[in-house]
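Each chain is listed here by its residues.
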Amino acid sequence: MQRTCTPPCAACGAHTLLRKKDLYPITLAAALLDSTLRHLKTHAVADFSQREEPTAPWSQLSVLNDVMPVVCRDIGQCQQQATDLATLIERNWLGDFDQLCLSCGIMEFDQDDTEGAESCS
């Protein structure tokens, strides 16, 4: 996997740039998290009705282990969900621009990536 370095926003200096070329990996992570949380919620609601006292820290990792195979089976759905969300963000938020700062809202065209590439290595 290639390491990338997202430069800070030119206007406010925050490291919260959402770049068009990074949309799919970000939306795929969100889709996988969404699927995991939905399956955990279903499992937890069934499990919670049988329990009356709080659980110990880390005791629910086994529940996550039970849910992960289901999430992995849903990977195709997660990929489509990520593609759909990336397309919506690109169309409705970015338009012709290449990046959006989530802190100050400035929209920019891509800066020359060669300038900051050396500082990322």
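What counts and how
Residues numbered from 1 in each chain as written. Predicted model: local features only at pLDDT ≥ 70, side-chain atom pairs only at ≥ 80, totals over all residues. Heavy atoms only, no water. Core = buried A, V, L, I, M, F, W, Y, C linked by side-chain atoms within 4.5 Å. Buried < 20%, exposed > 50% of the residue type's maximum accessible area, 1.4 Å probe, protein only. Helix = DSSP H or I, 4+ residues; strand = E, 2+ residues; numbered from the N terminus. Contact = heavy atoms within 4.5 Å. pLDDT = per-residue confidence, 0-100. Expected span 1.5 Å × (residues − 1). Bend = angle between axes of the 7 residues up to and from the residue. Pairing = 2+ DSSP bridges. Salt bridge = Lys/Arg side-chain N within 4 Å of Asp/Glu carboxyl O. Arc of directions from axis to C-beta.

Section: the nonpolar core
Generally speaking, soluble globular proteins have nonpolar side chains that are buried together.
Inference 1: Counting residues in each nonpolar core, the largest one holds six residues, listed as L18, L23, A86, I89, L94 and L100.
Inference 2: Sorting elements by how many residues they give to this core places helix α3 (residues 75–94) first, with three residues.
Inference 3: Apart from residues no more than four positions distant in its own chain, L94 is found in contact with L18, K20, L23, I89, Q99, L100 and M107.

Some words on the confidence of the model for the chain
The predicted coordinates of low-pLDDT regions are not to be read in fine detail.
Inference 1: Per-residue confidence for the chain gives a mean pLDDT of 82; residues scoring 70 or more make up 79%.
Inference 2: For the chain, the element scoring lowest by mean pLDDT is helix α4 (residues 113–120), at 45; α3 scores highest, at 95.
Inference 3: Counting contacts from residues 113–121, a segment whose pLDDT is below 50, to residues more than four positions away or on other chains yields five contacts.

Considerations on helix α2 (residues 61–73)
Inference 1: Between the first and last C-alpha of α2 there are 19 Å, a value that for 13 residues agrees with the 18 Å anticipated at 1.5 Å per step.
Inference 2: Maximal helix bending in α2 amounts to about 30°, located at V67; proline P69 follows within four positions.

Brief notes about the sheet that holds strand β2 (residues 99–101)
Inference 1: Read across the sheet, three strands follow the order β1-β2-β3 without closing on themselves; strand pairing throughout is antiparallel. On the outer flanks of this sheet lie β1 (17–19) and β3 (107–108), each paired with one strand and no other.
Inference 2: Here two bridges tie β2 to β3, and the two strands are oriented antiparallel to one another. Bridge pairing in β3 links L100 to M107.

Side note on the pattern of salt bridges
It is possible for side chains of opposite charge to pair when their charged atoms get near one another.
Inference 1: Under the counting rule described, the total for this entry stands at three salt bridges.
Inference 2: R19 is paired through a salt bridge with D22; the nearest N and O atoms lie 3.0 Å apart.
Inference 3: Using a relative accessible area of 3% as the deciding quantity, one classes R19 as buried.
Inference 4: Put simply, K20 and E90 hold a salt bridge, and the shortest N to O gap is 4.0 Å. Here E90 lies in helix α3 and K20 lies in the loop between β1 and α1 (23–48), a separation of 70 residues in the sequence.
Inference 5: By relative accessible area, which is 22% here, K20 ends up partly exposed.

Some words on α3
Inference 1: Taking 1.5 Å per residue as the helical rise, α3 with its 20 residues ought to reach 28 Å, and the 26 Å between its terminal C-alpha atoms agrees with that figure.
Inference 2: Of all the residues in α3, the buried ones are C78, A82, A86, I89 and L94. For α3, the arc enclosing every buried residue in end-on projection is 75°, short of the 170-degree limit, so these residues lie on one face. Along α3, the residues that are exposed and aim more than 90 degrees away from the buried face are R91 and N92.
Inference 3: Positioned one or two residues after α3, G95 has a phi angle of 55°, which is positive.

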